[in-house]
Structures are given as structure tokens and as C-alpha cells.
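Read off the chains here:
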Amino acid sequence: MAGVPKTPGPGQVPPAHLRVTHQDRENVVEHVKAAYAEGRFDKLEFDDRLERAMTARTHGDLVPIMNELYGPEAVPKAVAFPHAPSSVTVPAESNERLGAALAHGLPLVGFPILGPLLLLLTGGKTSAYIRKHALEALNFQITVVGASVLLPLTVIGVVLLPFIWVAAVILSIVGGVAALTEGNFRYPLTIRLVK
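Calculation rules
- Along each chain, numbering runs from 1 in the same order as the chain's sequence is written.
- pLDDT decides what is reported in this predicted model: residues at 70 or higher carry local features, side-chain atom pairs at 80 or more are listed and counted, and totals for whole chains, interfaces and linings draw on all residues regardless.
- Side-chain figures throughout are based on the complete set of non-hydrogen atoms in the structure, without hydrogens or water.
- We call Phe, Tyr and Trp rings a pair once their centres come within 6.5 Å, taking the six-membered ring for Trp, and we label the pair stacked below 30 degrees between planes, edge-to-face above 60, and tilted otherwise.
- Secondary structure counts use DSSP, requiring at least four H or I residues in a row for a helix and at least two E residues in a row for a strand, with both numbered from the N terminus.
- Each residue's exposure class comes from its accessible area (1.4 Å probe, protein chains only) as a fraction of the maximum for that residue type: buried when under 20%, exposed when over 50%, partly exposed otherwise.
- Salt bridges are identified by distance alone: a Lys or Arg side-chain nitrogen within 4 Å of an Asp or Glu carboxyl oxygen.
- Here a polar contact is recorded for every N or O atom pair within 3.5 Å, except that within protein the pair must consist of a potential hydrogen donor and a potential acceptor, and residues adjacent in sequence are included only if both atoms are side-chain atoms.
- Note on geometry: axes are C-alpha line fits, over the in-contact stretch for helices, and angles between N-to-C directions span 0 to 180 degrees.
- Should the near helix be turned anticlockwise from the far one by less than a right angle, the crossing is left-handed, and should it be turned clockwise, the crossing is right-handed.
- Residues are treated as being in contact if the distance between any of their heavy atoms lies within 4.5 Å.
- Classes in brief: Ala, Val, Leu, Ile, Met, Phe, Trp, Tyr, Cys and Pro nonpolar; Asp, Glu, Lys and Arg charged; the others, Gly included, polar.

### Brief notes about the packing of aromatic side chains
Enumeration according to the criterion identifies four aromatic pairs in this entry. Measuring from ring centre to ring centre gives 4.0 Å for F140 and Y187, while their planes differ by 5°; the resulting arrangement is stacked. With a gap of 47 residues between them, F140 in helix α7 (residues 128–150) and Y187 in the segment after α8 (155–180) connect regions that are remote in the sequence. A residue is classified by how much of its surface remains accessible, and F140, at 5% relative accessible area, is buried. Taking 4.8 Å as the distance between ring centres and 85° as the angle between the ring planes, the aromatic pair formed by F185 and Y187 counts as edge-to-face. Assessed through its relative accessible area of 2%, Y187 is described here as buried.

### Notes on the pattern of salt bridges
Counted according to the given criterion, the structure contains eight salt bridges. As a salt-bridge pair, R52 and E68 come within 2.9 Å of each other at their nearest N and O atoms. Taken as a pair, R52 in helix α2 (residues 43–54) and E68 in helix α3 (residues 59–70) lie far apart in primary sequence, 16 residues in all. By relative accessible area, R52 is classed as partly exposed at 27%. The class of E68 is partly exposed, set by a relative accessible area of 38%. Residues R186 and E136 are paired through a salt bridge, measuring 3.6 Å at the closest nitrogen-oxygen approach. Taken as a pair, R186 in the segment after α8 and E136 in helix α7 lie far apart in primary sequence, 50 residues in all. Since its relative accessible area comes to 6%, E136 is described here as buried. One network of salt bridges, in which partners are shared, links D48, R49, R52 and E68.

### A short note on the environment of H31
Turning to its location among the elements, H31 is positioned in helix α1 (residues 22–37). Note on H31: relative accessible area 2%, which makes it buried. Polar contacts involving the side chain of H31 include one to the side chain of Y70, which spans 2.6 Å.

### Regarding the packing of α2 against α3
Interaxial distance between α2 and α3 falls to 9 Å at its minimum, and their mutual angle equals 150°. Between α2 and α3 lies a crossing of left-handed hand. Here R49, R52 and A53 of α2 lie close against α3, whose contacting residues are L62, P64, I65, E68 and L69. When the residues that make up the contact of α2 with α3 are grouped by side-chain class, the tally is five nonpolar, no polar and three charged.

Next up, the structure:
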């Protein structure tokens, strides 16, 4: 069809104006982490590239980061493979772990949806670790609040509601501890509306 842009094939860099997905950003972040773990640049340069990758809107924002890592001639090859080397992981900084734990803990002090959302919108822009935990906590809190509103409409729901609240408190604590110890944590029975 005339006028319909073609999707870039394997090994081709997408047009610079094309909007990026979360997965595109995450792939570049993995490349940046791998390069940092190899000692190719210092913490300040790592933070700069990480922030640029997490806040990228178009492929034109991501390509310069990949050029810095691999050179212009290697970018199509680097962009083409779906994931960076997964064997190399950079440990989360202490402030990242604390921010991720706050995403799980703020609901316990009265900010069930607002707490994880604030951390997602602030720390999640520069840290993939905070973003992952804040998204998980946000989706869980949306599920709990939704259940708290809908379940009282039934007799069984009224009986189940206190158990759900106790389980939510326990799971939030477990999630916070997992975030502090650099663990992966997924809440059970959660509707993941926010991606």
C-alpha cells in the first residue's frame, strides 16, 4: 500500500522519529549496564547514559547511546539482537534499593496507589530497578483497592476483605524486603493493568 511505512527488518535501525517502546528502552539499559559492568566507563557516565535511555522518546534518542557503546558501524547489529548479554548484571545501588522498597512500603503508611505511582514517575525514570518494583507494587495496590471496593457488595466478600487486607500488608512487607536485598518479587493474584 502506498503511504504506509515499512517496518525495519532485522539488522536495520528504525527511523529516528519512530517512538520507542518500554522494551526498546529496557534493551538499551541492559547494554549500558553490561558496558558499565565491563568497566568501560565510570559511575557518572553510567548514570548519564542510563537517564538518557530511560527518558528516551524516539529511536533518535537511543541510537547515540548505542553509538557510544559500539560505534556507528555496529549499531544495526547491536539493535537487531533482542537482549543484551543477560549473564552480566549490575547490582542495584543502595538508593535504588531504598526507592524500590519505598514503593512497597508507602502503601502501609496510607498511600496505597499514590506511593508506588510517585516512585514510578520519579525514580522509575532513571532506574530500571525502581521502575520494576514500583510497577509491581502499583499494580498490586490497584488490585487491592479494586477488591476493597467491589467485594463488600457480596456477603462472602465482606468475610474475605479482612483477610485480603492482612495478606496485602504481609505481601507489601515481603516485597519491601525483597527490594532491599535485590530480589525479584511478584505479587500473587495481581491484575497488571499498568505496564
